[in-house]
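# Close look at the chain arrangement
The chain contents come next:
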Amino acid sequence: MNLFKLSFMNLKQNIKNYGMYIFSMIFSILVFYNFRTLRYSEQFNKLQDIKIVSVVSAMCAMVLFLFFIYFISYSSKFFIEQRKKEFGIYTFMGVENKKIALLFAGEGLLIGIIALIGGILGGILTNKLFLMALVKISNLNKVMKFEISYSAIIDTSCIFIAILIIVFIKEYITLLKTDISKLINATHIYQSDNSKNKTLQGLLGLIIILLAYVLIIYYKKFNIMFAVAIMATVIMVILGTVLLFKGFFTFIVGKLIDNKNFLYKNTNILSYNNIIFRIRDNNKVLAQITILITCCLTAVTVSLATRTVFTDSKKDDYPYSIMYEGNLNDKVVEKALIQSKEKIDFKLDTKIIPLKTKLAYINEADLISYSQVKKILNYRNLDNENKFLETDLKNNEAILLIPKSMINAFNFNVNINLGNEKIKIIDSYSMNLFGRMRNDQGTIIVNDNTYNTLKKQLKEKEINISSITLKNFDNSKEISKYIKENSKLQVYSVDNFDDSSYSFINAIYFIGMFLALVFIVSVGSIMYFKCISDASKDKERFDTLRKIGTSEEYINKSIYKQIGIFFLFPAIVSIIHSAVASYAVTNLFNQDWKMTMLIITILFIVIYTIYYLITARKYISLTK
């Protein structure tokens, strides 16, 4: 029997162990193929409105390529660990190390090829659905036809086969250098770290992470550029997470074990005594998992933030049906409204003074009084209105309203000179008063006393912004047309809104969510592999417990708790990491982070819990 047939037989016998790996790889390749088709699809590239999506998908494909290398390398290492005993048996049968290495490396290559074929076939079958969903979510009226992209097939195959060959060579060399005769009993040992206690490293990791949080939350106060702050934060979080898992959680579990009242309660003595060694053995993997989950959740945060930019774009650009500079009761406007027979929801006039400023990236701003903004709040719900109403502006103090279209990455809390007065900006945030009409420029709010003082000192004249909102909000076309034809008023009406200019944002959101889904599926698989590899170490211990009369129910409860703790620590740390990242990202987009983070956390917990239950049940079956 040749090595290929033997590899195929081994694959058939171990197909259950490979099942989760094959599923994860097929799904990842399916997504990768669909991303690559966006570059080559003629019907997609004719859609000019979302052409930039091809560039974004290419970047996502590169991220997937790097992740493939990590995932396949880790998985192959897992399968080698799982089958050490089998290697030893082949050695005792007289098979040379060279042939054993070739046998198992070839088996890994065969699994990869099967996953590749399945992934490409799945990608071809789902490609039309993928393109249709992409076009639909971008609000484009275009029918997508079924097509097979041979260029995407070649790209996907070449890239994936190259990774498989590299991993094949790496596995072959690793196995060739291994003294396989000593591996037959290796699965019975925990490779515990008996070196110096790592508690101090764990506490140092916690301190580094907290400093990283402070840096990204308060970078404006420290006058640090956002790009510098985010890079430093990422490096510090990665380093801190690695150190955290080296000693902090073993320290916490050790303290729990020292508490005898806690230790002897229910199944804790069995679960916690074992988990402390497992965390210590697997600290690097747990740190990697935590970082990957954080990347995944942050990708979803960015996707949802960009999605919100699209869904709120109409309201942000045109907060009223009709806007213009001039008298609210202009005769031409009144006549246009009467002729249209449209019912009016409300009419509002607001007085402002246009200014030239020297603020970062804000060269123009409108000066407005506190009472004028409060008047607007009687008619509209505005972002950050509670924050605004809670602020008691003193004389010569101001709030700067940042355009919602502008990334909020600068420290605007500075002093500025207006007229003969020195004005101190005490806070800055987004609050959309006039949208596109004022060219998305900033707004400076001062109290009424300061406004009246500056009104006398400033050379710029006060102007009146008139705003009308119709009951049928969007039906402004005929009204604005009549006003333009019969007056010199420059009208800004909601019928001018072009949602196609935002289509690419929705497409990027869709791709980002797909990429995050690949990450979470793969991360769940890695956790599954790691726990299952430990099952062989624990089987003998659980068999001993059964022999002395321990019930299956007690053992199963201890396993669920043990696996649960192992899953829980990376989840807790990554959720906290991503909560801080969510705050930073949504603040950058002038959005509220709490609801976004709540949605992301719930979705993650649901998927992660499913993986936990599958892993625990598989673990129980392997230890029986």
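Everything numeric here is computed off the predicted structure, so don't read it as measured data.

## Description of the overall build of the protein chain
Summing up its helical and strand segments, the protein chain has 21 helices and nine strands in all. When burial is assessed residue by residue, the protein chain has 53% of its 624 residues classed as buried. The contacts in the protein chain between residues at least 6 apart in sequence include a share of 83% that link residues at least 24 apart. Of the roughly 30200 Å² of accessible surface on the protein chain, 60% is carried by carbon and sulfur atoms.

## Quick notes on the pattern of salt bridges
On inspection of all chains with the given rule, the structure shows 10 salt bridges. Of the charged contacts in the structure, one is a salt bridge between Arg-546 and Asp-543, with a shortest N-O distance of 3.2 Å. Placement of the pair is Arg-546 and Asp-543 together in helix α19 (residues 503-547), with a separation of three residues, close to one helical turn. One salt bridge connects Glu-553 with Lys-557, and the closest N-O pair in it is separated by 3.6 Å. Residue Glu-553 and its partner Lys-557 are located together in helix α20 (residues 552-588), separated by four residues, close to a single helical turn.

## Comments concerning helix α9 (residues 226-258)
In a regular helix each residue adds 1.5 Å, so 33 residues correspond to 48 Å; α9 covers 44 Å between its end C-alpha atoms and thus fits that length. Where α9 bends most, the angle comes to about 45°, and this point is Leu-244.

## Here we look at unusual backbone geometry
Phi at Lys-341 takes a positive value of approximately 60°, unusual for a residue other than glycine. Relative to the helices and strands, Lys-341 resides in the loop between α14 (331-340) and β2 (344-359).

## Let's talk about the confidence of the model for the protein chain
Per-residue pLDDT for the protein chain averages 82, and the proportion of residues at 70 or more is 85%. The least confident element of the protein chain, judged by mean pLDDT, is helix α1 (residues 3-13) at 63; the most confident is strand β8 (residues 463-470) at 95. This model gives residues 187-196 a pLDDT under 50, and the stretch forms 18 contacts once residues within four places in sequence are excluded.

## As for the sheet that holds strand β1 (residues 322-325)
To summarise the sheet geometry, strands pair through backbone hydrogen bonds and adopt either a parallel or an antiparallel arrangement. Strand order across the open sheet formed by nine strands is β5-β6-β4-β7-β3-β2-β8-β1-β9, with mixed pairing between neighbours. Since the sheet does not close on itself, it has two edges, and those belong to β5 (415-418) and β9 (492-493), each with one partner. Bridge count between strand β3 (residues 362-369) and strand β7 (residues 442-446): five bridges; the pairing is parallel. Considered in β7, the bridge of Asp-366 is made with Thr-443. Packed onto the sheet, α14 meets β1, β2 and β8 and runs at close to 5° relative to β8.

## Digging into the environment of Thr-469
Tracing the backbone shows Thr-469 in strand β8. With a relative accessible area of 5%, Thr-469 lands in the buried category. Distance from Thr-469 to Asp-345, taken between C-alpha atoms, is 5.5 Å for residues 124 residues apart in sequence. Apart from the residues lying within four places of it in its own chain, the contact partners of Thr-469 are Pro-319, Tyr-320, Ser-321, Ile-344, Asp-345 and Phe-346.

## Looking at the side chain of Ser-582
Relative to the assigned elements, Ser-582 resides in helix α20. By relative accessible area, Ser-582 is classed as buried at 0%. The residues touching Ser-582, leaving out its near neighbours within four places in the chain, are Thr-301, Asn-587, Trp-593, Thr-596 and Met-597.

## Some points on the nonpolar core
By size, the foremost hydrophobic cluster in this structure holds 108 residues, and its most contacted members are Met-25, Phe-35 and Ile-72. In contact with Phe-35, other than residues within four places in its own chain, are Ser-57, Cys-60, Ala-61, Leu-64, Phe-130, Ile-511, Phe-514 and Leu-515.

## Section: the packing of aromatic side chains
A ring pair, where both rings are aromatic, is described by two values, the distance of the centres and the angle of the planes. Per the counting criterion, the structure on display carries 12 aromatic pairs. Pairwise contacts between aromatic rings join Tyr-560, Phe-567, Phe-604, Tyr-608 and Tyr-612 into one cluster.

## Section: the packing of helix α8 (residues 199-217) against α9
The contact between α8 and α9 brings their axes to 6 Å, and the two run at 155°. Classified by the angle between their axes, α8 and α9 sit roughly antiparallel to one another. Crossing of α8 against α9: the hand is left-handed. Looking at the contact of α8 with α9, its residues break down into 20 nonpolar, eight polar and one charged.

## With respect to the pairing of β8
Across the eight residues of β8, seven count as buried, placing the element largely inside the fold. For β1 and β8, the ladder comprises four bridges, and the chain directions are antiparallel. Opposite Glu-325, over in β8, you have Ile-465 as the bridge partner. As defined by bridge partners, β2 adjoins β8 across eight bridges and the pair is classed as antiparallel. Note that in β8 the partner of Thr-350 across the bridge is Ile-465.

## Focus: the packing of α14 against helix α18 (residues 477-486)
At their nearest, the axes of α14 and α18 sit 9 Å apart, and the two run at 145° to each other. As α14 packs across α18, the resulting crossing turns out to be right-handed. Contact residues: Val-332, Val-333, Lys-335, Ala-336, Leu-337, Gln-339 and Ser-340 in α14; Ile-479, Tyr-482, Ile-483 and Asn-486 in α18. Looking at the contact of α14 with α18 residue by residue, the classes come out as seven nonpolar, three polar and one charged.

## Section: the state of the cysteines
The tally for this structure, following the rule as stated, stands at zero disulfides. Cysteine Cys-296 shares no disulfide, and the gap to the nearest cysteine sulfur, in Cys-295, comes to 8.7 Å.

## Comments concerning a nonpolar patch on the surface
A grouping of Met-595, Leu-598, Ile-599, Ile-602, Leu-603, Val-606, Ile-610 and Ile-614 is seen on the molecular surface, where their side chains present a nonpolar patch of about 720 Å² in accessible area. Relative to the assigned elements, Ile-610 resides in helix α21 (residues 593-623). On the basis of relative accessible area, Ile-610 is assigned to the partly exposed category, the value being 46%.

So, how was this worked out
Residues numbered from 1 in each chain as written. Predicted model: local features only at pLDDT ≥ 70, side-chain atom pairs only at ≥ 80, totals over all residues. Heavy atoms only, no water. Helix = DSSP H or I, 4+ residues; strand = E, 2+ residues; numbered from the N terminus. Buried < 20%, exposed > 50% of the residue type's maximum accessible area, 1.4 Å probe, protein only. Contact = heavy atoms within 4.5 Å. Areas by Shrake-Rupley, 256 points an atom, 1.4 Å probe, with all protein chains shown as cover. Salt bridge = Lys/Arg side-chain N within 4 Å of Asp/Glu carboxyl O. Expected span 1.5 Å × (residues − 1). Bend = angle between axes of the 7 residues up to and from the residue. pLDDT = per-residue confidence, 0-100. Pairing = 2+ DSSP bridges. Axes fitted to C-alpha atoms, helices over the stretch in contact; angles between N-to-C directions. Core = buried A, V, L, I, M, F, W, Y, C linked by side-chain atoms within 4.5 Å. Phe/Tyr/Trp six-rings, centres within 6.5 Å; stacked < 30°, edge-to-face > 60°. Parallel < 35°, antiparallel > 145°, perpendicular 65-115°, else oblique. Left-handed = near helix turned anticlockwise from the far one by under 90°. Nonpolar A, V, L, I, M, F, W, Y, C, P; charged D, E, K, R; others polar. Disulfide = S-S within 2.5 Å. Patch = residues over 30% accessible without salt bridge, like charges linked within 9 Å, V, L, I, M, F, W, Y side chains within 5 Å.

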